[in-house]
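# A closer look at the structure
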Amino acid sequence: SPSKRGTATASITAAEPGTLVTLSATPADFCTFEGWRTYNDGSITINEDGTFILPDHDVTISPIFTDETVDYELSFNGVNQGGMPEGWIATDGTDVHSYPNTYGVGGGPRTFLGFTGYQGSALYWRNTSASYGTLEGYPLTLAPGNYTLSFANAAWKASPAFNVQILDVNGNVIAESDNYTATPNANGNSSADLSSAELYELNFNISQAGNYIINFNRKGNGYDEYLLLECYLNYEYEMGDVNMDKNVDITDVVLAVNYILSNGTTNAKGIHKYGDMDQNGTI
């Protein structure tokens, strides 16, 4: 699956069964490598050093990275088959499904497990919308500044169109993506390989601090069924914000000066990326 959080490599890309393979992962700035995800294959054991013995069939493995700068991230950890992801609500016409409820087979929007690619799970939604930020106790509180929303949708069936909006709590559109076609098509198969689903981005600006909503919309005119695979939101930090508190102020100046005077000792996590104001490699 596409990732901006790091890269992964294997010592070989094709080999005979029984071959020792070594995996390595390199996280991006402010990201941490957490381990490896295997899909629907209990025959693989990946050791702490990244090695495993290649079985007698193709395998799909992806790295798990966490991003300490993310403002919001859709997670399927602890979400069972039929459950709704934490804080999410989906509307299919007049039928509304919301966290923390669980829904059965044929029960409209809910979580499907067992896919290959991304998190191995997806929020199935259809015909109307799926959103985060409207349920009590799960606000999406944003400070002023620039943001990037990253998202990926596949199709449960056919090739339905969708877009995503950022709304304020009154329903006003703050930003809206282009219309996209949800691909690949899972063909109604909950073990489908969805790793080729494209990861899109929506860049937008928040001018006033407050609560906002991420809202995925159906843009087709048939019986449209979608799989939301990924959705996370990052704040775009400004140069000079060395403590990454979303403000460039005198505190950042003091931290930068202390870094220089202490010969590189600081607890400001953004000093190296955001403290090099002229981008010459030196703070």
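Look above for the structure.
First, a word on scope: everything that follows refers to the structure included in this document. (Residues numbered from 1 in each chain as written. Predicted model: local features only at pLDDT ≥ 70, side-chain atom pairs only at ≥ 80, totals over all residues. Heavy atoms only, no water.)

Turning our eyes to something else, we now look at the environment of N243. Residue position: N243 is located in the loop between strand 19 (225–235) and helix 1 (250–261). Judged by relative accessible area, N243 falls into the partly exposed class, the value being 22%. It is 8.1 Å that separates the C-alpha atoms of N243 and N267, two residues lying 24 residues apart in sequence. (Helix = DSSP H or I, 4+ residues; strand = E, 2+ residues; numbered from the N terminus. Buried < 20%, exposed > 50% of the residue type's maximum accessible area, 1.4 Å probe, protein only.)

To continue, consider helix 1. For the α-helix, the turn length of 3.6 residues means that residues three or four positions removed from each other point alike. With 12 residues, helix 1 should cover 16 Å at 1.5 Å per step; its first-to-last C-alpha distance of 16 Å lies within 8% of that length. What helix 1 keeps buried is the set D252, L255, A256 and Y259. Projection of helix 1 onto a plane perpendicular to its axis shows the buried side chains occupying an angular sector of 100 degrees, all on one side. Relative to its buried face, helix 1 has exposed residues pointing more than 90 degrees away, namely I250 and L261. In this structure, the buried side of helix 1 is in contact with helix 2 (271–274). Between the side-chain oxygen of the N-cap and the backbone nitrogen of T251 there are 3.1 Å, and the N-cap of helix 1 in question is D249. Two residues or fewer past helix 1, N263 is found with a positive phi of approximately 60 degrees. (Expected span 1.5 Å × (residues − 1). Arc of directions from axis to C-beta. Contact = heavy atoms within 4.5 Å. Polar contact = N/O pair within 3.5 Å; in protein donor to acceptor, adjacent residues only side chain to side chain.)

This paragraph deals with the sheet that holds strand 4 (residues 51–53). Taken in spatial order, the 3 strands make up an open sheet running 1-2-4, and their pairing is antiparallel. The open sheet terminates on both sides in strands that have one partner only, identified here as strand 1 (6–10) and strand 4. Mean inter-strand twist for the sheet, computed between neighbouring axes without regard to direction, equals 25 degrees. Alignment of strand 1 against strand 2 (residues 20–27), held across 5 bridges, turns out to be antiparallel. Of the residues in strand 2, the one forming a bridge with T7 is T26. (Pairing = 2+ DSSP bridges. Axes fitted to C-alpha atoms, helices over the stretch in contact; angles between N-to-C directions.)

With that out of the way, let us pick up the side chain of Q165. In this fold, Q165 is placed in strand 14 (residues 161–168). For Q165, a relative accessible area of 12% corresponds to the buried category. When sequence neighbours within four positions are dropped, the list of residues in contact with Q165 reads V173, A175, E176, I213, I214, N215 and N217.

By volume, the largest pocket amounts to about 590 Å³. Contributing to the lining of the largest pocket are 28 residues, with R37, P63, I64, Y118 and E230 lying nearest its centre. When residues of the lining of the largest pocket are traced back to their parent elements, those giving at least two are strand 1, strand 5 (61–67) and strand 19. Examining the composition of the lining of the largest pocket, we find that 6 residues originate from one element, strand 5, more than from any other. Tallied by class, residues from the lining of the largest pocket come to 11 nonpolar, 12 polar and 5 charged. Size it by volume and the second largest pocket reaches roughly 390 Å³. Looking at the second largest pocket, it is lined by 21 residues, and the ones nearest its centre are I12, T13, F52, L54 and V59. Of all elements in the fold, only strand 1, strand 2 and strand 5 reach the threshold of two or more residues within the lining of the second largest pocket. The element contributing the most residues to the lining of the second largest pocket is strand 1, with 3 residues. Classifying every residue of the lining of the second largest pocket gives 15 nonpolar, 4 polar and 2 charged. (1 Å grid on protein atoms, 1.4 Å probe; cavity = no way out; pocket = protein on both sides within 12 Å on 5 of 7 lines; lining within 4 Å. Points joined across faces, edges and corners; volume = space filled by probe spheres on them. Nonpolar A, V, L, I, M, F, W, Y, C, P; charged D, E, K, R; others polar.)

Function-wise, these values are silent; they only describe arrangement.
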